[in-house]
Amino acid sequence: MKKQLGFYVDAKLCIGCFTCAMACKNQYHQVNGVVWREVYPLKEEIYPHRERAFYSLACNHCEHPECLEVCPVNAYTKREKDGVVVHHQEKCIGCGNCIRSCPYGAPRYNPVEKRAEKCSMCWQRLDAGLDPACVKSCPTRALRIIDLATFDDPNAVQFPPGFPRMPGLNPSTRFRQPELPLIVRREDV
Amino acid sequence: MIPSMELPLVGFTVLSQTAVGLTLVYALQGALQGADASGAGEASQRTKWLAAAGILALGLLVSLTHLGHPEGAPRAVTHLSTAWLSREALLFGLLAGLMAVTALLGAGRGLALLTALAGLAGLFVQGMVYSPPSFPAIANALPFAFFLLTAVILGAGTAVWFVAEGRRTLLRHILVGALSAGLLLFLVAPCVWLSGGTVMRMTAEAYLASPFYWAHIVFGLALPLAVVLGTRRIPSWLPVLLLAGALCGRIVFYLDTVHTAVNIGGLY
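Residues numbered from 1 in each chain as written. Chains lettered and ligands numbered in written order. Predicted model: local features only at pLDDT ≥ 70, side-chain atom pairs only at ≥ 80, totals over all residues. Heavy atoms only, no water.

Another point: the pattern of salt bridges. Under the definition given, this model contains 9 salt bridges over all chains. Notably, a salt bridge pairs B:Glu165 with B:Arg168, separated by 3.2 Å at the nearest N-O pair. When salt bridges that share partners are traced, they join A:Arg79, A:Lys81, A:Asp82 and A:Asp127 into one network. (Salt bridge = Lys/Arg side-chain N within 4 Å of Asp/Glu carboxyl O.)

Structure (structure tokens):
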């Protein structure tokens, strides 16, 4: 398998602190209302506990990216060397087709530039041998970069509950699911 | 993704489908009744086809207002290999040209049929543009069915302005059939979605709670059907009602079809 970088989201370790989202914002200074990484709380139907669990999500850098396929002006490319999906904003005409078509809501509309934009997995940092800003900032190491060509974790899942199942796109993000805390009751002791 | 009425796209799709509907009606009328047969008060073939081309050109112009950078619109045809939007832009551009040629050269039966087939292909491509996997309720053949019905309803309705009174029986039959099919499809689709996954169900609930949805059902489909069946004719004001209904239906299509990203973190 060719090298394909992806995010590893460890929902067991994630504490929902939003540092990853803030680090992304600090790195790229997106305009108000535009975020490339979002921290989604899991709803009670998936994580039935008063404590919360989270998925930190950005672009999934899919094997078959819908954004790339539907873009009428070839504004998206997928890098041969690591599978990162890059949006070339200067080519974008702001038709919004990628925004409508990505099932994960990764591309966002920039109302100032009047063009789409999305997570680039900090490819410039990757090329310099650094981790993306979100990964570097995570205080619990709940967010990591993995290479699917060598990644082999039997506990990792591609489509956990709460994440749209799109096998045709083959998103590169992998998850470790959260676990409910062990509750010890007086009568159990 | 923030839900929006997408008014430029509403305008473009409804106008382009009206134009395609007119070409379908003209081609069918030409094949069944002869293109040159025209009664008193009937517009010339050139006027009919130029009107259709004009409606499509207006639609294309409206579609430009949807773009963040309209000056880049010509580049929208550069990704024909996989992007349905590129194919849509190319096909509708060609269709506008074909309609103009048909109008200027005289609507021969072959040319009219070719234009109608290009229009049908345009509707299919348009249906593919609006059925991405991100909208589970319409990631299927429904957009094409919706668009085809809109085209036939608005085509047969608008053609009343260009066809003589004595030759409207065919239009009436087409309109009654399309309105009945439309009423059935637009009422049944949300009921089917109610039995689907979470996002499909959310779409159905949004449609059924929308005043635009019910305005489309009542003013765009049921009332026109009752008028045509009751009076056995197509009044000249009916196309306005049909158009208003179709615009409401298209607004609900863009505004209330729920995107998968809305429910991340919840069950699908």
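A separate point is the sheet that holds strand β9 (residues 174-176) of chain A. Residue and element names in this part refer to chain A. Judged by pairing direction, the sheet is mixed, and its 3 strands sit side by side in the order β8-β1-β9 without closing on themselves. Across the chains shown, the open sheet's two edge strands, defined by having one partner strand only, are β8 (143-147) and β9. Each strand axis lies, on average, 30° off the axis of its neighbour in the sheet, ignoring direction. Examined bridge by bridge, strand β1 (residues 5-10) and β9 share 3 bridges and lie parallel to one another. Residue aspartate 10 lies in a different strand from β9, and its bridge partner there is arginine 176. (Pairing = 2+ DSSP bridges. Helix = DSSP H or I, 4+ residues; strand = E, 2+ residues; numbered from the N terminus. Axes fitted to C-alpha atoms, helices over the stretch in contact; angles between N-to-C directions.)

This paragraph deals with the state of the cysteines. Residues and elements named next belong to chain A. In total, this model carries 0 disulfides over all chains according to the counting rule given. As a non-bridged cysteine, cysteine 14 has cysteine 20 as the owner of its nearest cysteine sulfur, 6.5 Å distant. The thiol sulfur of cysteine 67 is not disulfide-bonded, and the nearest other cysteine sulfur, from cysteine 59, lies at 5.9 Å. A residue is classified by how much of its surface remains accessible, and cysteine 67, at 7% relative accessible area, is buried. (Disulfide = S-S within 2.5 Å. Buried < 20%, exposed > 50% of the residue type's maximum accessible area, 1.4 Å probe, protein only.)

Residues and elements named next belong to chain B. For the coordinates displayed, the defined rule picks out 9 cavities of 30 Å³ or more. Here the largest cavity defines a volume of roughly 160 Å³. Contributing to the lining of the largest cavity are 16 residues, with Thr150, Phe186, His216, Ala246 and Arg250 lying nearest its centre. Of all the secondary-structure elements, those providing two or more residues to the lining of the largest cavity are α5 (142-158), α8 (211-231) and α9 (238-256). When residues of the lining of the largest cavity are assigned to their parent elements, the largest contribution, 6 residues, is made by α9. Grouping the amino acids of the lining of the largest cavity by side-chain chemistry returns 11 nonpolar, 4 polar and 1 charged. (1 Å grid on protein atoms, 1.4 Å probe; cavity = no way out; pocket = protein on both sides within 12 Å on 5 of 7 lines; lining within 4 Å. Points joined across faces, edges and corners; volume = space filled by probe spheres on them. Nonpolar A, V, L, I, M, F, W, Y, C, P; charged D, E, K, R; others polar.)

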